[in-house]
Each structure stands twice: as C-alpha cells, then as structure tokens.
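# Secondary and tertiary structure notes
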Amino acid sequence: AQSVAQPEDQVNVAEGNPLTVKCTYSVSGNPYLFWYVQYPNRGLQFLLKYITGDNLVKGSYGFEAEFNKSQTSFHLKKPSALVSDSALYFCAVKDSGAGSYQLTFGKGTKLSVIP
Amino acid sequence: EAGVTQFPSHSVIEKGQTVTLRCDPISGHDNLYWYRRVMGKEIKFLLHFVKESKQDESGMPNNRFLAERTGGTYSTLKVQPAELEDSGVYFCASSQWGANEKLFFGSGTQLSVL
C-alpha cells in the first residue's frame, strides 16, 4: 500500500520569505514522488518530480524539493515566496515496483503568501 | 497544443438522476485517468485507461459508475443513479507513456448531487 501525509492544512508566509510545504510518504518499494499545484478554478499543474538520482529536485516557478529516504519525506521549498504562489499544493506518490499507474495524493496544503 | 478538456465544468443533479462527464485528453496520449476529490479530502484514483482498454479500475467505488473510452480518444464517466456521496470534483488526466511521467490534468467537473 502507498500513502501520503501533508500534515499542514494551511501554511501562511510573508512575501519574500522562504516557504516550506511538508510531505511524508509510505510505499513498499522505491517511490516516485510528485508535487502538483492547483490555482482557483484550474486543474492541477505539475511542479516537479523525483524518480531517481539527485535528492534535490528543481521544478517550475523556482520551486524545489528534497527527497529524504531516511525520513521518508519530500518537502517542497522556495527561497522567496511570491503572492502569486498562493494556491493549493498536493504531494503524490507512486510505488515504482507496483504494476498500477495510480498516484496516491495527500489532502493538499493551502499556501497563502501575505503581501 | 490543446490541454485536457472536461465537460461540463459544473453539474447539479438530484439524487437518483444520471450524469455523464466527458474528458478529451491531449492528442496522442494513450494513458487516461479519472480521479475524484470529495470536499477537503484526498484526490482519489478511480481508473486508468490505456488507449481503449481499462488497465486498472480498482478505484471505482461501485457499479453505479461506468467509464468508457471510445476508440481510445475521449472518455466518459457515467454515474447512474447518482447518490449524495458522489458529490465532488472529478478530474481527468492524461499522459503519454510510463508510470513515472507527469500527468496533465483537466480543470475538473464539479458535481453536486442534491
């Protein structure tokens, strides 16, 4: 079985400050990890993914995430938040050894960047 | 390049009625997925098509839900009869190849069953 936890329903950060959105996961084998963002009235948009290799993954809009196998975490980070980053963020995992293509998502974290 | 499109964007129906949701994936994408998000909860997998074949339908809640993908192009998801707990946002997504690929999502259909 695979699962994802996003422990924070909401994260508030001041514009210009660094931001972190937390994600932990559980899979039987090796994980494929993803971050998606949803802006109001829009579908989910892909931000970045970890498949293998370098633990620090860089993605769209200046976001990055660090894969930590020992802590089973994949936290999303950005050095300097913008008001336009305010959105709903979803972490997702897939067991690389599983035959299914299905992603398991977390509940989502609402990010609010305050001007 | 056109993205994934879903129709309708909103649907309000009464309990017991039938609703059909449609998804047009990105052209050339063999993989098509349906997901659902019930208010405030996780986005849950419903099923996965490869071309016109159902590859994985383990997430379908019950036999009131029927998904089809005619000729490996667009897909429909029918709920018949609808129940109150079916309310939520239904997302369609597509991808071209493998399991480690990113998904392209549509804007979703907000279904409200009254």
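Please refer to the structure higher up on the page.
Here the residue index of a chain counts from 1 through its sequence in written order. Written order decides the labels, with chains lettered from A and ligands numbered from 1. Predicted model: local features are reported for residues with pLDDT of at least 70 only, side-chain atom pairs are reported and counted for 80 or more only, and whole-chain, interface and lining totals are derived from all residues. Only hydrogens and water are removed before side-chain values are computed, so all heavy atoms of the structure are retained for them.

Moving on, we come to the overall build of chain A. Across its full length, chain A carries zero helices and 12 strands. When the helices and strands of chain A are placed in sequence order, the string is β-β-β-β-β-β-β-β-β-β-β-β. With the C-alpha coordinates aligned to their principal axes, the bounding extent of chain A is approximately 45 × 30 × 20 Å. Each residue is assigned to one of three classes by its accessible area relative to the maximum for its type, calculated with a 1.4 Å probe on protein chains only: buried under 20%, partly exposed between the two thresholds, exposed over 50%. The buried share among the 115 residues of chain A stands at 48%. By definition in these notes, contact holds between two residues if any of their heavy atoms fall within 4.5 Å. For chain A, contacts bridging at least 24 residues in sequence account for 57% of all contacts bridging at least 6. Per-residue and other accessible areas follow the Shrake-Rupley method at a 1.4 Å probe size, with only the shown protein chains counted as cover for residues. For chain A, the computed accessible surface area is about 5400 Å², with 48% contributed by carbon and sulfur atoms. On chain A, the mean spot of the 10 positive side-chain charges and the mean spot of the 8 negative ones are 5 Å from each other. Strands here are runs of E lasting at least two residues and helices are runs of H or I lasting at least four, both read from the DSSP assignment and numbered beginning at the N terminus. We score Asp and Glu as negative and Lys and Arg as positive, and we do not count His or the chain ends. Think of each charge as sitting on NZ of Lys, CZ of Arg, CG of Asp or CD of Glu.

So, on to the environment of leucine 111 of chain A. Of note, leucine 111 of chain A is situated in strand S12 (residues 109–114). For the pair leucine 111 of chain A and leucine 19 of chain A, spaced 92 residues apart in the sequence, the C-alpha separation amounts to 9.0 Å.

A separate point is the packing of aromatic side chains. Paired rings are identified among Phe, Tyr and Trp, the last through its six-membered ring, by centres lying within 6.5 Å, and are further divided according to the angle between planes into stacked (under 30 degrees), edge-to-face (over 60) and tilted (the rest). Taken as a whole and assessed by the stated rule, the structure comprises 14 aromatic pairs over all chains. Centre to centre, the rings of phenylalanine 63 of chain A and tyrosine 89 of chain A are 5.6 Å apart; their planes meet at 50°, and the pair counts as tilted. With phenylalanine 63 of chain A in the loop between strand S7 (56–58) and strand S8 (64–68) and tyrosine 89 of chain A in strand S10 (residues 87–95), this residue pair connects regions lying 26 residues apart in the sequence. Note on tyrosine 89 of chain A: relative accessible area 0%, which makes it buried. Taken together, the ring pairs in this structure connect Phe34, Tyr36, Phe46, Phe90 and Phe105 of chain A together with Tyr33, Tyr35, Phe45, Phe91 and Phe105 of chain B into an aromatic cluster.

So, on to the nonpolar core. All names here are of chain A. If you look at the biggest cluster of nonpolar residues, it comprises 28 residues, and the most contacted ones within it are Trp35, Leu47, Leu48, Phe74, Leu76 and Tyr89. Contributions of two or more residues to this core are made by strand S2 (10–14), strand S3 (19–21), strand S5 (31–38), strand S6 (44–50), S8, strand S9 (73–78), S10 and S12. If one sorts the elements of this core by residue count, S10 sits on top with four residues. Residues contacting leucine 76, with those up to four places away along its chain left out, are Leu19, Thr20, Val21, Trp35, Leu47, Leu48, Phe63, Glu64, Ala65 and Tyr89. To form a nonpolar core, buried Ala, Val, Leu, Ile, Met, Phe, Trp, Tyr and Cys residues must be joined to one another through side-chain atoms within 4.5 Å.

Any link to function would need more than the numbers given here.
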